[in-house]
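Per-entry structural report
So the chains spell out like this:
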Amino acid sequence: MNKIMKIYKTLLSQFGSQHWWPVTEKGKFHPEYSNGPQNEKQKLEVIFGAILTQNTNWNNVEKAIVRLNKHDLIDGKKILNIDDKKLAEIIIPSGYHNQKAKKLKNFCEFLLKKYDWDLSLLFKNNIYELRKQLIDINGIGPETADSIILYAAKQPIFVVDAYTKRVFDRIGFKEKTYDELQELFNKNLAKSEKLFNEYHALLVELGKSICKKVPLCEKCPINNHCNYYRKEVA
DNA sequence: TACCAGGTCCTCG
DNA sequence: CGAGGACATGGT
């Protein structure tokens, strides 16, 4: 087994299944039971969440999503009809609310104009084409696009985020850019949506709880693979 | 109190 | 290209 896969197995046995992407039901999050979006509305909520979580703690995003739900705004048409200022006010807890309000609208405008609100039709594109179209939307970059493809469209693409970069940089991999890192996972893993889903979620958990800015290497389940740790103890 | 959090865009060299 | 700044709230 290759190193990328060994790390995955260790993280999974350590942290357990993460049940991503958490979605709301009846106005509340049920992360412990959630296994991702089960219907169109929940898929749209995942897309909104992917935008709202840019450079922001998920805890803040949850607050914003709960507020969107309360205003019945997990709905593309309503997002386009609401005043910019009002939308921004509702998503205040997510941070960058003015920018993110525009980003939500940009996505909805795209979905209306190109797909007449048909998410399923959008998701029928192949991964390459879907990614290209999403990145063309102002406010959606590579990570947000990939999150949408993996967690809403449920197609296998590996999401690289700040945690992924930090963890694999410390371990000692030379891949630095987004594309290089994504390719590393593509080459070493079976192209499985379930695997990519779980792996990324596990890396987030590792990054949040252990591989922080100042890492807790003694507690790290994969420190035996890590150059950074070996340098510390040497 | 200051720092950090599941990025992206824009500008400038 | 890539580095640097702007965007902003809530938790510790």
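Read on for a plain summary of the structure. (Residues numbered from 1 in each chain as written. Chains lettered and ligands numbered in written order. Predicted model: local features only at pLDDT ≥ 70, side-chain atom pairs only at ≥ 80, totals over all residues. Heavy atoms only, no water.)

1. So, the overall build of chain A
When helices and strands are counted, chain A shows 13 helices and 2 strands. Taken against the 2.2 N^0.38 rule, which gives 17 Å for 234 residues, the C-alpha radius of gyration of chain A at 18 Å falls within 12% of a compact globule. Expressed as a percentage of the 234 residues in chain A, the buried residues total 50%. When contacts within chain A are restricted to residue pairs at least 6 apart in sequence, those whose partners lie at least 24 apart make up 60%. Carbon and sulfur atoms make up 50% of the accessible area of chain A, which amounts to about 12000 Å² in all. The distance from the centre of the 38 positive side-chain charges to the centre of the 28 negative ones in chain A is 3 Å. (Helix = DSSP H or I, 4+ residues; strand = E, 2+ residues; numbered from the N terminus. Rg over C-alpha atoms; globule rule 2.2 N^0.38 Å. Buried < 20%, exposed > 50% of the residue type's maximum accessible area, 1.4 Å probe, protein only. Contact = heavy atoms within 4.5 Å. Areas by Shrake-Rupley, 256 points an atom, 1.4 Å probe, with all protein chains shown as cover. Lys, Arg positive; Asp, Glu negative; His and termini not counted. Charge placed at Lys NZ, Arg CZ, Asp CG, Glu CD.)

2. Description of the protein's contact with DNA strand B
Around DNA strand B, the surrounding shell holds 26 residues, and the nearest of these are Trp 21, Gly 139, Glu 143, Thr 144 and Tyr 163. Here a phosphate oxygen of DNA strand B and a side-chain polar atom of Thr 144 are 2.7 Å apart. Counting residues per element, the ones that place at least two in the surface near DNA strand B are α6 (97–115), α9 (142–152), α10 (162–171) and α12 (193–209). When grouped by side-chain class, the residues that make up the surface near DNA strand B number 10 nonpolar, 10 polar and 6 charged. (Near = heavy atom within 4 Å. Polar contact = N/O pair within 3.5 Å; in protein donor to acceptor, adjacent residues only side chain to side chain. Nonpolar A, V, L, I, M, F, W, Y, C, P; charged D, E, K, R; others polar.)

3. Let's talk about the pattern of salt bridges
Two side chains of opposite charge can pair, provided their charged atoms sit close to one another. Within the structure shown, the criterion is met by 6 salt bridges. Notably, a salt bridge pairs Asp 84 with Lys 105, separated by 2.9 Å at the nearest N-O pair. Placement of Asp 84 in helix α5 (residues 84–90) and of Lys 105 in helix α6 is noted, with a sequence separation of 21 residues between them. Residue Lys 105 is classed as buried on the basis of its relative accessible area, which comes to 12%. Residue Glu 109 pairs with Lys 113 through a salt bridge whose shortest N-O separation is 3.0 Å. Remark: Lys 113 and Glu 109 occur in helix α6; sequence separation between them is 4 residues, near one turn of the helix. The exposure class assigned to Lys 113 is exposed, which follows from its relative accessible area of 63%. (Salt bridge = Lys/Arg side-chain N within 4 Å of Asp/Glu carboxyl O.)

4. A short note on the packing of α10 against α12
Running from amino to carboxyl end, α10 crosses α12 at an angle of 75°, the nearest separation of the two axes being 9 Å. Comparing their axes, α12 and α10 come out roughly perpendicular. When α10 is examined against α12, the residues Tyr 163, Thr 164, Arg 166, Val 167 and Phe 168 are found in contact with a partner set consisting of Tyr 199, His 200, Leu 203, Val 204, Leu 206, Gly 207 and Lys 208. Looking at the contact of α10 with α12, its residues break down into 7 nonpolar, 3 polar and 2 charged. (Axes fitted to C-alpha atoms, helices over the stretch in contact; angles between N-to-C directions. Parallel < 35°, antiparallel > 145°, perpendicular 65-115°, else oblique.)

Purely geometric numbers; function is a separate question.
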